[in-house]
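# Notes for the structure review
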Amino acid sequence: MALLHMKPRNGRPRGSNWGDELLESGLIKGLTVVLRLLLLPLQLLGRAFLRMVQFAILKCIAIGAAYVAPFYLRGSQARNHPATIKFRMASTVATSLLAWFPLYHQVHKTASPKLLLTLLGLRTQGLLQAVVKSTVLTASLFAGPLVQLLLTGKTRREAPDPLQGLRNLLVGPFTEEFCFRACMAPLFLLQGYSYMQTIFLTPLMFGVAHVHHLVELVSFQRVQLTSAVAMVLFQFGYTTVFGWYATHIFLSTGHLAGAVAVHSFCNWMGFPAIETIMHHPRKSMLLTAYIGGIMLFSLLLKPWTSPGQNQSRYQDLVAKARVSGR
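As the structure is a computational prediction, the values presented were derived from the model and not from experiment.

## What to know about the overall build of the protein chain
In terms of regular secondary structure, the protein chain is built from 14 helices and zero strands. Helices (α) and strands (β) of the protein chain occur, in sequence order from the N terminus, as α-α-α-α-α-α-α-α-α-α-α-α-α-α. Looking at the protein chain as a whole, 39% of its 326 residues are labelled buried. The long-range share in the protein chain, meaning contacts at least 24 apart out of those at least 6 apart in sequence, stands at 78%. Accessible surface computed for the protein chain: about 18,900 Å², of which carbon and sulfur atoms make up 69%.

This is the structure in structure tokens:
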């Protein structure tokens, strides 16, 4: 009995120490087994989900990389140099001619050519309605800048030359919306992502595609690296927010043209010159226009982008393509 109460160097009874360790070890092993059994279904579901969706992400990354990569092949001139503009317009058009192949590869065995074109937002039914409503809705958000334009006679930016205008208002909006919206959004939906997940994730690819402007700022505009990073992060932020909106327009209207029209309009307006409002002689009118525009946009957003209002059942088309592909 004395041996059981002998205290080892750590000051605890040997018998008590052995029993506690045995009990503790048994409890830990038991809890570990229980946790593994509980987590096993989640692990299996998680692996299956990753296998299901990883191909959509990889395809979208490939499309985004193909769109931006050629820009670095001609890095000796600024982005507004005529030769650079022509080269980049040609490269983005070439990418657009190939960007729809991942979607085609996924649905071509069972889906008709008409369904493929519809998934890409290329259809005539409800086209005019989608373009007009999307543009007017976006213009309501820009009520303040539009009033500012009427009062001052100029926008935040000077009017670009014809070549820059072609890039900013036609080629850029069309190729970006086709590659980053029409070719990516159906891939996410077909692979099991929800409507909201698609709206959230697709613009991240679009925002990342604009990070290459860092090279332009540092190499050609001689902006300090810290300032350039801040500018690019800001641009990434508002292009991502715009991407959320443009993706919603595309999915709710089912028309690529609606998203292109919105993109072109926003490029024409530029980022609102908010910092000049307080110094404007008609400050009260501008503030009323800015606040009123935001309120009007908020009121019109849901009813004007309802699929029923735009004769769009994009979700039904995706479901049809998914079922026919099984």
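## With respect to the side chain of Thr 138
Its location among the elements puts Thr 138 in helix α5 (residues 127-141). Among the residues examined, Thr 138 registers a relative accessible area of 1% and is labelled buried. A distance of 2.8 Å separates a polar atom in the side chain of Thr 138 from a polar atom in the side chain of Tyr 245.

## Remarks on the pattern of salt bridges
Evaluated as defined, the whole model comprises one salt bridge. Put simply, Glu 177 and Arg 181 hold a salt bridge, and the shortest N to O gap is 2.8 Å. Of this pair, Glu 177 and Arg 181 are both found in helix α7 (residues 162-182), four residues apart, which corresponds to roughly one turn of the helix. In this pair, the class of Glu 177 matches that of Arg 181, namely buried.

## A short note on the environment of Ala 99
Mapped onto the elements, Ala 99 comes out in helix α2 (residues 82-99). Given the relative accessible area of 5%, Ala 99 is considered buried. Separated by 37 residues in sequence, Ala 99 and Ala 62 have C-alpha atoms that sit 9.0 Å apart. Contact partners of Ala 99, with chain neighbours within four places excluded, come to Ile 63, Cys 179 and Cys 183.

## Considerations on the confidence of the model for the protein chain
For the protein chain, the mean per-residue pLDDT works out to 80, and 72% of the residues sit at or above 70. Considering only residues more than four positions removed or in separate chains, one finds that residues 1-7, a stretch of pLDDT under 50, has seven contacts.

## Here we look at a nonpolar patch on the surface
A grouping of Val 93, Leu 97, Leu 98, Phe 101 and Tyr 104 is seen on the molecular surface, where their side chains present a nonpolar patch of about 480 Å² in accessible area. Elements that contribute at least two residues to the nonpolar patch include exactly α2 and α3 (101-107). Locating Val 93 in the fold gives a position in helix α2. Assessed through its relative accessible area of 38%, Val 93 is described here as partly exposed.

## Some thoughts on the packing of α2 against α7
Taken N-terminus to C-terminus, the directions of α2 and α7 make an angle of 20 degrees; their axes are 10 Å apart at the nearest point. Judged by the angle between their axes, α2 and α7 are roughly parallel. Every pair of crossing elements has a handedness; the one defined by α2 and α7 is left-handed. Here Pro 82, Ile 85, Lys 86, Met 89, Thr 92, Val 93, Thr 95, Ser 96 and Ala 99 of α2 lie close against α7, whose contacting residues are Leu 163, Gln 164, Leu 166, Arg 167, Val 171, Thr 175, Phe 178 and Cys 179. Here the residues of the contact of α2 with α7 are counted per class, giving ten nonpolar, five polar and two charged.

## A closer look at the nonpolar core
In this structure, Leu 103 and Phe 250 are the most contacted members of the largest nonpolar core, which totals 35 residues. Residue contributions to this core peak at five residues, all from helix α8 (residues 185-190). Residue contacts for Leu 103: discarding those within four places in its chain leaves Leu 116, Leu 119, Leu 120, Ala 182, Pro 186, Leu 187 and Leu 190. Formed by 13 residues, the second largest nonpolar core is a distinct cluster that contains Ala 139, Tyr 245, Ala 246 and Phe 265.

## Concerning the packing of aromatic side chains
For the structure on display, the rule yields 14 aromatic pairs. On the numbers, 6.0 Å between centres and 70 degrees between planes, the contact of Tyr 67 with Phe 71 is edge-to-face. Taken individually, Tyr 67 and Phe 71 each receive the classification buried, so the pair is uniform in this respect. Put simply, the rings of Tyr 67, Phe 71 and Phe 180 pair up and form one aromatic cluster. Lying across the ring of Phe 71, Arg 88 places its NZ or CZ 4.7 Å from the centre.

## Looking at the packing of α7 against helix α11 (residues 225-253)
The contact between α7 and α11 brings their axes to 11 Å, and the two run at 80 degrees. Compared by their axis directions, α7 and α11 come out roughly perpendicular. Here Glu 177, Arg 181 and Ala 182 of α7 come into contact with α11, specifically with Phe 242, Gly 243, Ala 246, Thr 247 and Phe 250. When its residues are assigned to classes, the contact of α7 with α11 shows four nonpolar, two polar and two charged.

Parameters and conventions
Residues numbered from 1 in each chain as written. Predicted model: local features only at pLDDT ≥ 70, side-chain atom pairs only at ≥ 80, totals over all residues. Heavy atoms only, no water. Helix = DSSP H or I, 4+ residues; strand = E, 2+ residues; numbered from the N terminus. Buried < 20%, exposed > 50% of the residue type's maximum accessible area, 1.4 Å probe, protein only. Contact = heavy atoms within 4.5 Å. Areas by Shrake-Rupley, 256 points an atom, 1.4 Å probe, with all protein chains shown as cover. Polar contact = N/O pair within 3.5 Å; in protein donor to acceptor, adjacent residues only side chain to side chain. Salt bridge = Lys/Arg side-chain N within 4 Å of Asp/Glu carboxyl O. pLDDT = per-residue confidence, 0-100. Patch = residues over 30% accessible without salt bridge, like charges linked within 9 Å, V, L, I, M, F, W, Y side chains within 5 Å. Axes fitted to C-alpha atoms, helices over the stretch in contact; angles between N-to-C directions. Parallel < 35°, antiparallel > 145°, perpendicular 65-115°, else oblique. Left-handed = near helix turned anticlockwise from the far one by under 90°. Nonpolar A, V, L, I, M, F, W, Y, C, P; charged D, E, K, R; others polar. Core = buried A, V, L, I, M, F, W, Y, C linked by side-chain atoms within 4.5 Å. Phe/Tyr/Trp six-rings, centres within 6.5 Å; stacked < 30°, edge-to-face > 60°. Lys NZ or Arg CZ within 6 Å of the ring centre and 35° of its normal.

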